[in-house]
Structures are given as structure tokens and as C-alpha cells.
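Remarks on the overall topology
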Number of protein chains: 2
Amino acid sequence: MPDLSHGDDAAAVNSLRSAVMRLSRRLKHQRVDESLSPTEMSVLGTLARCGSATPGELARKEHVQPPSMTRIVALLEAKGLVRLDPHPEDRRQKVVTQTERAEAMLEQSRRKRNAWLAGLAADLDEDEWERLRAAAPVLEKLAHL
Amino acid sequence: MPDLSHGDDAAAVNSLRSAVMRLSRRLKHQRVDESLSPTEMSVLGTLARCGSATPGELARKEHVQPPSMTRIVALLEAKGLVRLDPHPEDRRQKVVTQTERAEAMLEQSRRKRNAWLAGLAADLDEDEWERLRAAAPVLEKLAHL
DNA sequence: CATGTTCTTTAGCTTAACTCATTACTCTCG
DNA sequence: CGAGAGTAATGAGTTAAGCTAAAGAACATG
């Protein structure tokens, strides 16, 4: 249980908010792959982990409103990275599944990401990396809390 | 020096990217103060730390293009949170300083943020908070690297 | 001085989200 | 069984927050 009277928590929240906003701005432009927005990348990543999901589930995971996810899924489908099938039990829903092409592109983007990583490596020491690794799951938790 | 051959780094980068994008979307909506965008808040925070700065400096710190900062500063000025003075040595530049009103509003928003924090406190244990505190400065570094 | 460079600003555009409303389907309860 | 309530995806229009290109003013340097 965090000590709320401790000023450091408030300061950390401040600092996190600033850093997250600035970082997200950078990430928007520093795309590992042109032609694919960060949210689209994120959706592909989610699909890679979960296998397949309905648009609604994806919207909840990405913290985006359903209409936005409809649009994103449509774009991904147009790029051949995703397939839409009817839901087996509920004909209102659809099932979004990534194609083999998406796997190939994820692999390719993983390579590019490693290059970017190498660039960062020069500026962060091992202790800093360790902190990032440790915090990553907490940030994920925070993101969909 | 990070071990790039170690797959965990790539995974962590993936995870960080996703989490940062989702978090930034949440932060956009979960404003501690209506009527003030996250970037505007961030600028006020920077000014609180640095005293005062030129629009150009602010743009570099926030990783925003100069025209965007012009707009942001203009909005802050319209809300009476910031004052623009001529630069003492270079008449091309201006000096942005926060007003007493900004300090009051920062204090008020600090209170609201603590309430939000209290909400989160229930869902994070002390170890997780510790990781966030530890990672915050690294994220800041990353943000303006 | 003249030319080029830097800082801010203006104007117009793009993107990626949002809200509201609609359609299609499912579920529940009388 | 059928009517009304609820939920899923989507269509249309809007908004927000950044961007680029270009202009104007002030500085710096040959």
C-alpha cells in the first residue's frame, strides 16, 4: 500500500504523465513501420498475443471507442493484415484474425525495432534498462486499469 | 550496456510502446483539470520547474514543433496562466512566464491528482509503485533523448 | 551593407480520435 | 411465442492536436 502522504508519489505521477505524453508524441512519428499507425501496430500486437478477438474486445483493450476500432480494423483489413469472419455464436459480432502476412510484417518490424533499440542502447545504461523492464508490466496494468 | 541479444529487451520495448500509447490515450480523457489539455499541463509543469523559457525552448522540451507551441502558449495566455514579455537581449524571442494564477491552478490540480492517485493506490501494491518511481526518470530521459 | 540564419508567427492541412444515431441481432420476461 | 430492452458493429459528422510551408522581424557575419 503506497504512502499517499509521501510527496514522492505525487511527484512521480506528475513526472510519469509528462513523460508518457512526450514519449507518445515521439512514438507517433518514430514509427518502426511507415504506413501503420501506432494504434494499428498495437492492435496487431494484441492479436498476436490473443490469437483473435472481436472488434469490441479490441476496443476495450486499446481503450478506444468502438467506432474507432471499426475504422482501424477496416484499415488493417484493407492492407491484408487481418481477416474478418462471422462470429460462430453471435451474428452481431465479428471475429478479427491476423493473416500470415501480418506475422511476416511483425517479424520485419521486430527487426527495425531492434535497430531503434540499438540506437537507444548507447544512451541508457544497464541499470536504466533494468528499471524500464521492471516497470513495463506495471505500465501495462495501469494502461487498462 | 544492455544485452541486445537478450530477447527481453525487444519484448520490453514492445510492451512499453503499447503501454505508453494506451496510457496517453487515457490521460487525454482523464484530465485532472477540464479546459486544459495534457500538453498545456505539461508546459505549465515545465515552467514551474524552469521559471521561464522562450517558446522555442518549450517546443524543444515538449517535442513539439514551434508553431504548435505558439498556439499552446497563446491559449495559456488567453486563460491568464502565462505572461509574454519581450526577451531582454534578442528582440526576436519572447519570454514565457507563468502567472500567480497558474501556481494556484497547479496547486488545485495537484489536489485532484492526489484523488486520482488514491484511486490507483487500491490497485497497485507497494512493489509496483516502487517500480514506477524508479522508472519515471528513465522515461523522462527517453522522452527527450 | 548584403546576405544568410534564427525565432516566432500565420495559414492551411492531416490524422486520429470522438459523439451521436442507425441497423442488426440476441436475450429476457410476460 | 412475441415485445421490449440490451448489446455489437458501423455510418456520418465533428473535434483536437499536432504537422508543414512560408512569411516577417531581428540578428550575425562576410
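Here the residue index of a chain counts from 1 through its sequence in written order. Here chains are named by letter from A upward and ligands by number from 1 upward, in the order in which they appear as written. Given that the model is predicted, a residue must reach a pLDDT of at least 70 before its local features are reported, and side-chain atom pairs must reach 80 or more before they are shown or counted; all residues, however, enter totals for whole chains, interfaces and linings. Heavy atoms from the whole structure form the basis of all side-chain values; hydrogens and water molecules are not counted.

Another point: the interface of chain A and chain B. It only takes one pair of heavy atoms within 4.5 Å for two residues to be counted as in contact. On the side of chain B, 61 residues touch chain A, which itself brings 61 residues to the contact. Buried surface at the junction of chain A and chain B, both sides included, amounts to about 6300 Å², of which 67% is carbon and sulfur. For this document, the term salt bridge refers to a Lys or Arg side-chain nitrogen within 4 Å of an Asp or Glu carboxyl oxygen. Across the contact surface, chain A and chain B share six salt bridges. We note a salt bridge from glutamate 62 of chain A to arginine 22 of chain B, for which the minimum N-O separation is 3.4 Å. Here a polar contact means two N or O atoms within 3.5 Å. Within protein one must be a hydrogen donor candidate and the other an acceptor candidate, and residues neighboring in sequence count only if both atoms are side-chain atoms. Counting across the chain A and chain B interface gives 19 residue pairs in polar contact (both at pLDDT 80 or more). A run of H or I in DSSP becomes a helix once it reaches four residues, and a run of E becomes a strand once it reaches two; helices and strands are each numbered from the N terminus. Mapped onto the side of chain A that touches chain B, the elements with two or more residues apiece are helix 1 (7-29), helix 2 (38-50), helix 3 (55-62), helix 5 (100-121) and helix 6 (126-143) of chain A. Throughout, buried area stands for the accessible area (probe radius 1.4 Å) lost by two parts on being put together, summed over both.

Where each domain begins and ends is defined by an automated method or by a domain database. Split by domain assignment, chain A resolves into domain 1 (1-30) and domain 2 (36-143). Taken over C-alpha atoms, the centre of domain 1 of chain A sits 23 Å from the centre of domain 2 of chain A.

This next bit is on the protein's contact with DNA strand C. Throughout, the term near means that a residue has one or more heavy atoms lying within 4 Å of the molecule or strand in question. Taken together, the neighbourhood of DNA strand C is formed by 22 residues, with Thr39 and Ser68 of chain A together with Gly56, Arg92 and Lys94 of chain B sitting nearest. The share of sugar and phosphate among atoms of DNA strand C within 4 Å of the protein is 71%. Contact between DNA strand C and threonine 70 of chain B: a phosphate oxygen at 3.4 Å from a side-chain N or O atom of the residue. Looking at the surface near DNA strand C, the elements with two or more residues in it are helix 4 (66-78) of chain A together with helix 1 (7-29), helix 3 (55-62) and helix 4 (66-78) of chain B. Note on residue categories: nonpolar means Ala, Val, Leu, Ile, Met, Phe, Trp, Tyr, Cys or Pro, charged means Asp, Glu, Lys or Arg, and polar means any other residue, Gly included. Residue classes in the surface near DNA strand C are distributed as six nonpolar, nine polar and seven charged.

The next subject is the nonpolar core. With 32 residues, the main nonpolar core has Leu132, Leu139 and Leu142 of chain A together with Leu132, Leu139 and Leu142 of chain B as its most contacted residues. Listed by contribution, the elements that provide at least two residues to this core are helix 1 and helix 6 of chain A together with helix 1 and helix 6 (126-143) of chain B. Shared between two domains, this core takes at least three residues from each, and those domains are domain 1 (1-30) and domain 2 (36-143) of chain A. Those residues in contact with leucine 142 of chain A that sit more than four places away from it in its chain are Leu23, Arg26, Leu120, Leu124 and Leu132 of chain B. In this text, buried Ala, Val, Leu, Ile, Met, Phe, Trp, Tyr and Cys residues form a nonpolar core when linked through side-chain atoms within 4.5 Å. Burial classification: accessible surface area is computed with a 1.4 Å probe over protein chains only, and a residue below 20% of its type maximum counts as buried, one above 50% as exposed, and the rest as partly exposed.

A separate point is the sheet that holds strand 2 (residues 82-86) of chain B. Residues and elements named next belong to chain B. Judged by pairing direction, the sheet is antiparallel, and its three strands sit side by side in the order 1-3-2 without closing on themselves. In the strand order of this sheet, the two ends are held by strand 1 (52-53) and strand 2, each with one partner. The pairing criterion is simple: DSSP has to find at least two bridges between the two strands. Both strand 2 and strand 3 (residues 94-98) contribute to a ladder of five bridges, which runs antiparallel. Note on strand 3: the bridge partner recorded for aspartate 85 is valine 95. To obtain an axis, a line is fitted to C-alpha atoms, over the contacting stretch when the element is a helix, and the angle between two such axes runs from 0 to 180 degrees between their N-to-C directions. Packing of helix 4 onto the sheet brings it into contact with strand 2 and strand 3, and relative to strand 2 it is tilted by some 115 degrees.

All right, on to the pattern of salt bridges then. One pass over the structure, following the stated rule, counts 18 salt bridges over all chains. Notably, a salt bridge pairs lysine 79 of chain A with glutamate 40 of chain A, separated by 3.1 Å at the nearest N-O pair. In this pair, lysine 79 of chain A is assigned in the loop between helix 4 and strand 2 (82-86) and glutamate 40 of chain A in helix 2, connecting sequence segments 39 residues apart. The salt bridge involving glutamate 62 of chain A is made with arginine 25 of chain B; its shortest N-O contact spans 3.4 Å. You can see glutamate 62 of chain A sitting in helix 3 and its partner arginine 25 of chain B sitting in helix 1, one on each of two chains. The exposure class of glutamate 62 of chain A is buried, given its relative accessible area of 0%. Salt bridges sharing common partners tie together Arg22 and Arg25 of chain A together with Glu62 of chain B.

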